[in-house]
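Here are the chains, one letter per residue:
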Amino acid sequence: MTDQKKLSDLTWREFKKLSLVEKGGYFQGDPPHTLIAQQFTRAKLEELCTLATKIKRINKRRDGANFLKTLLSDKRAMLYFAQPSSRTYLSHNAACQILGLDTMDVRDTKTSSEVKGESPEDTIRTFSSYVDMIIMRHPTGGFAERVAWMLAHTNREIPVLNAGSGSDQHPTQALLDIYTLERSFEKTGGIDGKHVMFVGDLLRGRTVRSLAWMLSLYTDMTLYFVAPEPLQIGQDILDLLDQAGTKYVVTDDFSSVMPLADAIYMTRIQDEWDADGESSTIDTSAFGIGAEHMDVIKDTTVIMHPLPRRKEISTDIDNDPRAVYWRQMRNGMWIRAALILTTFGRQDEVNRYYDDYKPEA
Ligand code: CP
């Protein structure tokens, strides 16, 4: 008998006082929620990466794809996206289709009864009456956590997957980034010991904030935060890295550190969070990568981007084998399928199928 911590045992005030790592301990229950990067262990990341590869291989054959579609055919998911999205919406939807879940969506709050004054909490409680899981993106930081806590105090607690909240967390993006790094470094000793460089708007890039923390679970990492001073990474993330004993460098000199990188993670300026167009006054011209840099970086460096991009990555390098951002995007579908499957505890069926049929890579 485990003494799993339950969200329903906490008042909202008690929950809010917890550290991110402490909060993570409350999201592993029944049902499990995926809300913040800090809830993951390295073992869980490795389990998800392995499962994602098995799903991908099984799905290549028609009989395998048909098998996968039976796994969650008894479930329905709600995709509630109160902020724009292409990749996260589509890849979650595709992941659901791979596993046989039916999906419904609200992609614009102007089409829900929120326009009549219904609160976002009541809106989501309404969704929970019809579906078995909520995958949600919301502009308010911490709102996905609030939703999970709120549902835990109803008789219909269903899993919540955070598909991006405010400028603070994007845990499923970080999962696909870890999966991409793991696959990219498969033949060079894995992620441990690598130099990972984050470039661009690190202050408001929720993907960077989630991924930086997940990388602290690996050994002997060096993280580089490369940004103009007003867009530099938050002290809260540096404090978490200090606590984890992860080495990092904070700099605005991209050209001097570029040759050291095993992975360069580019990001766009997140001006949707500007109060008054202040991003346009910051000179970001030195925080891009293009054909002129391809001889400067290592032959083995991978260039990543959560996308969408603007001009920080030149399309000239799209066909360079080191540019992995399109593969990275597709990886999102497989790791999200793995996450959804484990959310419903059905991963053993994939593991058994894989062991029986051993599909080719
Ligand atoms: N990476 C990412 O979150 O992309 P979308 O905003 O298109 O979902």
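The structure under discussion appears in the preceding block.
Residues numbered from 1 in each chain as written. Predicted model: local features only at pLDDT ≥ 70, side-chain atom pairs only at ≥ 80, totals over all residues. Heavy atoms only, no water.

### Remarks on the nonpolar core
Looking at soluble globular proteins, one finds that nonpolar side chains tend to be buried together. To keep things clear, this is the line we draw: Think of a nonpolar core as a cluster: buried Ala, Val, Leu, Ile, Met, Phe, Trp, Tyr and Cys residues, connected wherever their side-chain atoms sit within 4.5 Å. Between buried and exposed lies partly exposed: a residue is buried under 20% and exposed over 50% of the maximum accessible area for its type, with that area taken using a 1.4 Å probe on protein chains only. Every helix listed is a DSSP run of H or I at least four residues long, and every strand listed is a run of E at least two residues long, numbered separately from the N terminus. In what follows, residue pairs with any heavy atoms lying within 4.5 Å of each other are defined as contacts.
Core analysis: the largest hydrophobic core is formed by 71 residues, its most contacted members being Ile55, Ile135, Phe198, Leu215, Phe225 and Ile340. Of the residues forming this core, the biggest block, 8 residues, is contributed by helix α12 (residues 325-343). Beyond its immediate stretch of four places on either side in the chain, Ile55 contacts Leu68, Ile98, Trp334, Ala337, Ala338, Leu341 and Val350. Counting residues in each nonpolar core, the second largest holds 25 residues, with Leu35, Tyr80, Val147 and Trp149 among its members.

### Let's talk about the side chain of Thr222
Mapping Thr222 onto the fold places it in strand β6 (residues 222-226). Using a relative accessible area of 9% as the deciding quantity, one classes Thr222 as buried. Residue contacts for Thr222: discarding those within four places in its chain leaves Lys194, His195, Val196 and Lys247.

### Overview of helix α3 (residues 42-59)
Here is the rule we go by: To estimate how far a helix should extend, the number of its residues minus one is multiplied by 1.5 Å.
If you check α3, its first and last C-alpha atoms are 26 Å apart, about what 18 residues at 1.5 Å a residue would give, namely 26 Å. Leu45, Leu48, Cys49, Leu51, Ala52, Thr53, Lys54, Ile55 and Ile58 are the residues of α3 that are buried. Of the surrounding elements, those touching the buried residues of α3 are α4 (62-70), α5 (87-99), α8 (171-184), α9 (206-215), α12 and α13 (347-357).

### Some points on the pairing of strand β8 (residues 263-266)
Applied cut-off: Strand pairing is assigned whenever DSSP detects at least two bridges linking the two strands.
The side-chain alternation of β8 yields two buried faces, one formed by Ala263 and Tyr265 and the other by Ile264 and Met266. Bridge count for strand β5 (residues 195-199) against β8 is 4 bridges, and the pairing is parallel. By the bridge assignment for β8, Met197 is matched with Ile264. Note that β8 and strand β9 (residues 302-304) share 3 bridges and pair parallel. Within the sheet, the bridge partner assigned to Ala263 lies in β9 and is Val302.

### Some thoughts on the environment of Ser19
The topology assignment puts Ser19 in the loop between α1 (12-16) and α2 (20-24). In this structure Ser19 comes out as partly exposed when scored by relative accessible area, which is 35%. Ser19 sits 19 residues away from Gln38 along the chain, and the two C-alpha atoms are 9.5 Å apart.

### Let's talk about the environment of Tyr354
Within the secondary structure layout, Tyr354 lies in helix α13. Tyr354 sits in the buried class, given a relative accessible area of 13%. For Tyr354 and Arg57, which are 297 residues apart along the polypeptide, the C-alpha to C-alpha distance reads 8.7 Å. In this structure, Tyr354 is in contact with Lys54, Arg57, Ile58 and Pro359, ignoring residues within four places of it in sequence.

### As for empty space enclosed by the protein
Note the cut-off: Of the two site types, the cavity is a set of points on a 1 Å grid over the protein atoms alone where a 1.4 Å probe fits but cannot get out, and the pocket is an open set with protein on both sides within 12 Å along at least five of seven lines, each lined by residues with an atom within 4 Å of a point. Grid points are joined across faces, edges and corners, and a volume is the space filled by probe spheres set on the points. Polar here means any residue outside two lists: the nonpolar Ala, Val, Leu, Ile, Met, Phe, Trp, Tyr, Cys and Pro, and the charged Asp, Glu, Lys and Arg; Gly therefore counts as polar.
Under the counting rule described, the total for this entry stands at 1 cavity of 30 Å³ or more. For the largest cavity, the calculated volume is near 60 Å³. Around the largest cavity, the lining residues are Arg87, Thr88, Ser91, Gln173, Leu176, His305, Pro306, Tyr325, Gln328, Met329 and Arg336. The element best represented in the lining of the largest cavity is α12, accounting for 4 residues. Along the lines of polarity and charge, the residues of the lining of the largest cavity split into 4 nonpolar, 5 polar and 2 charged.

Coordinates in, geometry out; function isn't part of it.
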